[in-house]
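A look at the structure
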Amino acid sequence: MDEQKIFEAMVNILKPYTKDTALLERATRDTHILNDLKVNSARLVDVIIKCEDVFNITVDDDEADTIRTIGNAIDLIHAKLN
Amino acid sequence: MLSSRAKALLMFQNGLGRLMAVVLAPFYFALIRLMGYRIRDIKAVRAACRREFEKHEGPWLICANHLTMADSPLLSYAMLSLWTHLRVFRWIPWNLPERNNFRNPFLVLLCYLSKCIPVQRGGPRTEMKQTLAKCAYLLSRRQRLLVFPEGGRSRTGRVNTENFSYGVGRFLDNDQEGMRVMCLYLRGDGQAAYSTIPAFGERFTVLVDVFTPEKSALTGLRAQRDYAGHIIGRLAEMEDNYFGFCRQ
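Notes on the structure follow. Computed from a predicted structure; not experimentally measured.

1. A few points about the packing of helix 1 (residues 3-14) of chain A against helix 3 (residues 44-55) of chain A
All names here are of chain A.
- Close contact between helix 1 and helix 3 brings their axes to 10 Å; oriented N to C, the two are set at 130°. On the basis of the axis angle, helix 1 is oblique to helix 3. Here the hand of the crossing between helix 1 and helix 3 comes out right-handed. Where helix 1 approaches helix 3, its residues Ala9, Ile13 and Leu14 are matched on the opposing element by Val47, Lys50, Cys51 and Val54.
- Broken down by class, the residue content of the contact of helix 1 with helix 3 amounts to six nonpolar, no polar and one charged.

In structure tokens form, the structure reads like this:
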């Protein structure tokens, strides 16, 4: 799966957890999930679990802790899929 | 994994706290009395906690609902008598307060001497890992850790069963041998929603529930969510009991 498709899937995953979905329309790889999208830090775990389901991957604690931006998530997912 | 230096510093903090408990414990107790706070059936609450602590030395994960910033000292006051604070310092739980609430140097010192490990919610990964490693180390030494599983004060005034943090699940997912969980539900009669401190002269009810966590069939983040959900569910049940029975 190419990075653009992962990005689009990530945006869909983040939608239910983002207070202002308009922020997602301007989202880029550098968008910080907690600071820019105002996703609750506790809900970041839900986002990662959803990623596991959507992409059929497993993310461990250490890997989950590295995810701060959409780009971090894309890189991790991309590396796991390839 | 915690470095030897970090372990030594933690034990130094523990030792210094133990020495200063002679001054600080009476100070906290006097402050609570001065504020006019009273715990309903406090002798029964302390007896229940003592019975559990005598039955099982540790590790203990103490999980409580969170409505005010005075919850930690109030819970410690409710669980253990002044004499127990002085005699069995190890029974006093370690706390994980939000760092941003302790900017004043006096409060930082008070926090340090009162078995606190400040955390920064959503803070740097390395710091969070270090804090988790400290907690794991303390639990491996059969210490008690007091956490608020909701991840903050309940904004609705009720245990938040929808939007809670899964962080507490990490402690249970770490395969700590012999871990037991003590759930405490603390609420003042006049406490309708969350606040900074309880009202002057407030009278509290404390409910105690103890269980041994069962190993989750899930793994990783899902297991953590499972454990956290179980604890939150218990607290919510205690809250239902409180409103259904105690308030009558």
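Next comes the rest of the description.
2. A closer look at the interface of chain B and chain A
- Taken together, the 13 residues of chain B in the interface contact 13 residues of chain A.
- Those elements that place two or more of their residues in the side of chain B that touches chain A are helix 6 (125-140) and helix 8 (220-246) of chain B.
- A breakdown of the residues in the side of chain B that touches chain A according to their chemical character gives three nonpolar, five polar and five charged.

3. Concerning the sheet that holds strand 6 (residues 203-211) of chain B
All names here are of chain B.
- Reading across the sheet, the six strands line up as 1-6-5-2-4-3 and stay open at both edges, with mixed pairing between neighbours. Of all strands in the sheet, those bounded by a partner on one side alone are strand 1 (38-39) and strand 3 (94-95).
- In this structure, strand 1 lies alongside strand 6, joined through two bridges in parallel fashion. Note on strand 6: the bridge partner recorded for Ile39 is Phe204.

Here is what the cut-offs are and how they apply
- Residues numbered from 1 in each chain as written.
- Chains lettered and ligands numbered in written order.
- Predicted model: local features only at pLDDT ≥ 70, side-chain atom pairs only at ≥ 80, totals over all residues.
- Axes fitted to C-alpha atoms, helices over the stretch in contact; angles between N-to-C directions.
- Helix = DSSP H or I, 4+ residues; strand = E, 2+ residues; numbered from the N terminus.
- Parallel < 35°, antiparallel > 145°, perpendicular 65-115°, else oblique.
- Left-handed = near helix turned anticlockwise from the far one by under 90°.
- Contact = placed C-beta atoms within 7 Å.
- Nonpolar A, V, L, I, M, F, W, Y, C, P; charged D, E, K, R; others polar.
- Pairing = 2+ DSSP bridges.

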